[in-house]
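So the chains spell out like this:
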Amino acid sequence: MYARAQTWWTILRICIEERLVYRGDFALGTLMRFLPIITQIFLWTSVYAAAGQGDIRGYTRDDVIAYYLLTMVGRAFSSMPGLASGIARQIRDGEIKKFLIQPIDLLGFLLLARIAHKLVYYGVAIGPFALVFFLCGNYFTNGWPEASVLAAFVASLVMAFLLGLFLEAAIGMIGFWFLEVSSLLFVYMLFNFFFSGHMFPLEFLTGYLPDWLQTVAHYQPLQFLAYFPAAVFLGKIEGPELVEGLCVQAAWVMVFFVVCRVAMRRGFQRYSGYGG
Amino acid sequence: MHNFLRYPRLFYTFARNSLIRDMTFRANFLIEILSNIGWMAMNLGFYILVFSYTKSIEGWDQYEFFVFIATTMFINSLVQGLFMPNAQELSELVRTGGLDYALLKPIDTQFMLSLRRINWSSLGNFFVAGILLAYALQHLDQTGFHPVQYFLYPFYILCGVLILYSVMFSLAATSIWLGRNQSLYDFWFYITNFSRYPMEIYGGNALGSSLRTIFTFVIPVLIVINVPARMMAMPMKPEYNYLATFAIVATVVSLVASRWIFKRALESYRSASS
């Protein structure tokens, strides 16, 4: 047990150090990532001015902007750049063999590596994030939510991280069967872009859907990557709905965790060790 | 004269080679085209959604805005198809020292570095844009339209492409100074992001006006799409004539500036690993 904890600690430390190499590039990149928000502020200001009504499906203009900022936080947890393509590449060029030889679990390693990445990311990104949220504080018209809502927000963020990790890892595992997953990943990113709520609050869309699709939209997993945490923070999802949402999110985390495990086991069985 | 004539021939050869290369992986080529169209469809979907809540955005109604989106697609597909792969490769050439090879060729280095690879799959969006434009034009009230706009529209699209090319190539040239410019694509995305909206939305406060001024006169990305789109959707409005004239000036200045930056950057090129 102790030895195992030590292994994990070492992996975590190595990954953190690896990430810190490029910290300057990192901080600049984070700040630049907020630039599109500026355009969104202007765009939605124009839209609300032309719409002539104070709110669209329960969101005022300030809400929409606050929502965008919050989805940035959600995505800071849930986005896993290069994870799926990395796994597929390791399968293709044979690097994945090391997990068959060394007594390290592939999923455990990925989890630790990503925790390390994220820790470093938050360490560097907290500056730009704090700055932008301070400058945009006025858009949060209700101020800070209550402690219980805040706790739910944090829980949904942590689960967003796990969901993002297992979802992308599952896509990467498809590489055991197809070798090249980049086109598949592209399709996933396309859906992710639209249905995670990254472009607009999902309420804007769901109002137009037929009933059966609304049910699908209500339970679909991608919303938990960006929309759900933001909507929770803004108080758009409350009470029993909030509890239900958190349960559905936890269920999706479990589902994709199991999918990953099964895919990894099956994948290793049919893996024929090509490449270096 | 003979010297000058070989550039179109070279371009033809580059285009042919790239097509052969793309056709080697036909399925991949098809998937790339489809996913490009997919992204555009998502983008269009977003605006259809927005226009379900409002009649217009700063004077652009839905079909006028479709013209705007079609213009964005025309210009982006040309820029991504012709120049993007080359600009990305330039920073790689600098890092690996492969730039030596390009410098030794008896043709203009900028020409070679700008057009060597053509990404044919990006041009798929060009046709989708054509369909969208035709569809949008059918729904527009065409009173006040003038035949000359149909000639000026492609001309200003070309201007827009050249301005974006200049910005992109200048950015890529900086990798000669920096050694490596991995965030080129990011930077590019964040700058051009400003160009993809009607310039009227940048207004109402100091930040808006200064953004509009900077991205019109310093890095002229705002006029790239706005001028041709307006030429097609709301042509010949006298108050925008100055902008249309300025677009020509901006194109020439951008091209000259990018060439100057590239030449300056080349002077400090120290060949790597060869």
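Residues numbered from 1 in each chain as written. Chains lettered and ligands numbered in written order. Predicted model: local features only at pLDDT ≥ 70, side-chain atom pairs only at ≥ 80, totals over all residues. Heavy atoms only, no water.

Undergrad: Summarise the overall build of chain A; cite the residues concerned and give the values.
TA: The number of helices and strands found in chain A is 14 helices and two strands. For 276 residues, the compact-globule estimate of 2.2 N^0.38 gives 19 Å, and the C-alpha radius of gyration of chain A, at 20 Å, lies within 12% of that figure. Across the 276 residues in chain A, those meeting the buried criterion constitute 49%. Across chain A, contacts joining residues at least 24 apart in sequence account for 82% of those joining residues at least 6 apart. Working note: accessible area of chain A is about 13,400 Å², and carbon and sulfur atoms make up 67% of it. (Helix = DSSP H or I, 4+ residues; strand = E, 2+ residues; numbered from the N terminus. Rg over C-alpha atoms; globule rule 2.2 N^0.38 Å. Buried < 20%, exposed > 50% of the residue type's maximum accessible area, 1.4 Å probe, protein only. Contact = heavy atoms within 4.5 Å. Areas by Shrake-Rupley, 256 points an atom, 1.4 Å probe, with all protein chains shown as cover.)

Undergrad: With reference to specific residues and values, describe the layout of surface pockets.
TA: Residue and element names in this part refer to chain A. Considering only enclosed or pocket space, the second largest pocket measures out at about 570 Å³ in volume. Around the second largest pocket, the lining is made up of 19 residues, and of these Val73, Phe129, Phe133, Trp144 and Phe153 lie nearest the centre. Looking at the lining of the second largest pocket, the elements with two or more residues in it are helix 4 (61–78), helix 7 (106–135) and helix 8 (147–173). Take the lining of the second largest pocket: its biggest share by element is six residues, from helix 7. Within the lining of the second largest pocket, the residues separate by chemical class into 17 nonpolar, two polar and no charged. (1 Å grid on protein atoms, 1.4 Å probe; cavity = no way out; pocket = protein on both sides within 12 Å on 5 of 7 lines; lining within 4 Å. Points joined across faces, edges and corners; volume = space filled by probe spheres on them. Nonpolar A, V, L, I, M, F, W, Y, C, P; charged D, E, K, R; others polar.)

Undergrad: Go over the pattern of salt bridges, please, and point to the residues and values.
TA: All names here are of chain A. In total, this model carries ten salt bridges over all chains according to the counting rule given. A salt bridge links arginine 89 to aspartate 93, with the shortest nitrogen-to-oxygen separation between them at 3.6 Å. Linking arginine 89 with aspartate 93, this pair stays in helix 5 (residues 83–93), spanning four residues, or about one helical turn. The class for aspartate 93 is partly exposed, based on a relative accessible area of 34%. Its salt-bridge partner being arginine 89, residue glutamate 95 comes within 3.5 Å of it at the nearest N-O pair. Glutamate 95 gets classed as partly exposed once you look at its relative accessible area, which sits at 33%. (Salt bridge = Lys/Arg side-chain N within 4 Å of Asp/Glu carboxyl O.)

Undergrad: Could you give an account of the packing of helix 2 (residues 26–51) of chain B against helix 7 (residues 124–138) of chain B, naming the residues involved and the relevant values?
TA: Residues and elements named next belong to chain B. Between helix 2 and helix 7, the shortest axis-to-axis distance is 9 Å and the interhelical angle comes to 40 degrees. Like other packed secondary-structure pairs, helix 2 and helix 7 cross with a definite hand, here right-handed. Residues Ile33, Asn36, Ile37, Met40 and Leu44 of helix 2 pack against Gly124, Asn125, Val128 and Leu132 of helix 7. Residues of the contact of helix 2 with helix 7, tallied by class, amount to six nonpolar, three polar and no charged. (Axes fitted to C-alpha atoms, helices over the stretch in contact; angles between N-to-C directions. Left-handed = near helix turned anticlockwise from the far one by under 90°.)

Undergrad: Tell me what's going on with unusual backbone geometry, and back it up with residues and numbers.
TA: In this model, A:Arg57 sits at a positive phi of 45 degrees, which is unusual for a non-glycine residue. Along the chain, A:Arg57 turns up in the loop between strand 1 (55–56) and strand 2 (59–60). Exposure remark for A:Arg57: the relative accessible area of 39% places this residue in the partly exposed category. Positive phi outside glycine occurs at B:Glu58, with the angle close to 45 degrees. As for its placement among the helices and strands, B:Glu58 is situated in the loop between strand 1 (56–57) and strand 2 (60–61). We classify B:Glu58 as partly exposed; its relative accessible area is 37%.

Undergrad: Go over the interface of chain B and chain A with me, naming the residues and quoting the values.
TA: Between chain B and chain A, the residue contacts involve 30 residues of the former and 30 residues of the latter. For the pairing of chain B and chain A, the buried interface totals around 2,800 Å² over both sides, and the portion due to carbon and sulfur atoms is 77%. Put simply, chain B and chain A have zero salt bridges between them. Of all the secondary-structure elements, those providing two or more residues to the side of chain B that touches chain A are helix 2, strand 1, helix 9 (184–193) and helix 10 (206–218) of chain B. A total of ten residues in the side of chain B that touches chain A trace back to one element, the largest contributor, which is helix 2 of chain B. Of the residues assigned to the side of chain B that touches chain A, the class counts are 17 nonpolar, eleven polar and two charged. (Buried area = accessible area lost by both parts, 1.4 Å probe.)

Undergrad: Can you explain the side chain of A:Glu168? Please cite residues and give values.
TA: All names here are of chain A. If you trace the backbone, glutamate 168 turns up in helix 8. Within the buried set, glutamate 168 has no salt-bridge partner at all; the shortest N-O distance to an opposite charge, 6.7 Å, is to arginine 114. When near neighbours in sequence (up to four residues on either side) are disregarded, glutamate 168 contacts Met80, Leu83, Ala84 and Tyr188. (Lys, Arg positive; Asp, Glu negative; His and termini not counted.)

Undergrad: Explain the environment of B:Thr143 to me, and be specific about the residues and the numbers.
TA: Residue and element names in this part refer to chain B. Within the secondary structure layout, threonine 143 lies in the loop between helix 7 and helix 8 (149–178). Separated by 91 residues in the primary sequence, threonine 143 and methionine 234 have C-alpha atoms spaced 9.8 Å apart. Of the polar contacts made by the side chain of threonine 143, one reaches the side chain of aspartate 141; its length is 3.1 Å. (Polar contact = N/O pair within 3.5 Å; in protein donor to acceptor, adjacent residues only side chain to side chain.)

Undergrad: Mind laying out a negative patch on the surface, listing which residues take part and the relevant values?
TA: Residues and elements named next belong to chain A. Taken together, the side chains of Glu146, Glu238, Glu241 and Glu244 present a region of like negative charge at the surface. Turning to its location among the elements, glutamate 241 is positioned in helix 14 (residues 239–270). Classification of glutamate 241 by relative accessible area gives partly exposed; the value is 48%. (Patch = residues over 30% accessible without salt bridge, like charges linked within 9 Å, V, L, I, M, F, W, Y side chains within 5 Å. Charge placed at Lys NZ, Arg CZ, Asp CG, Glu CD.)

The values are spatial; any link to function lies outside them.
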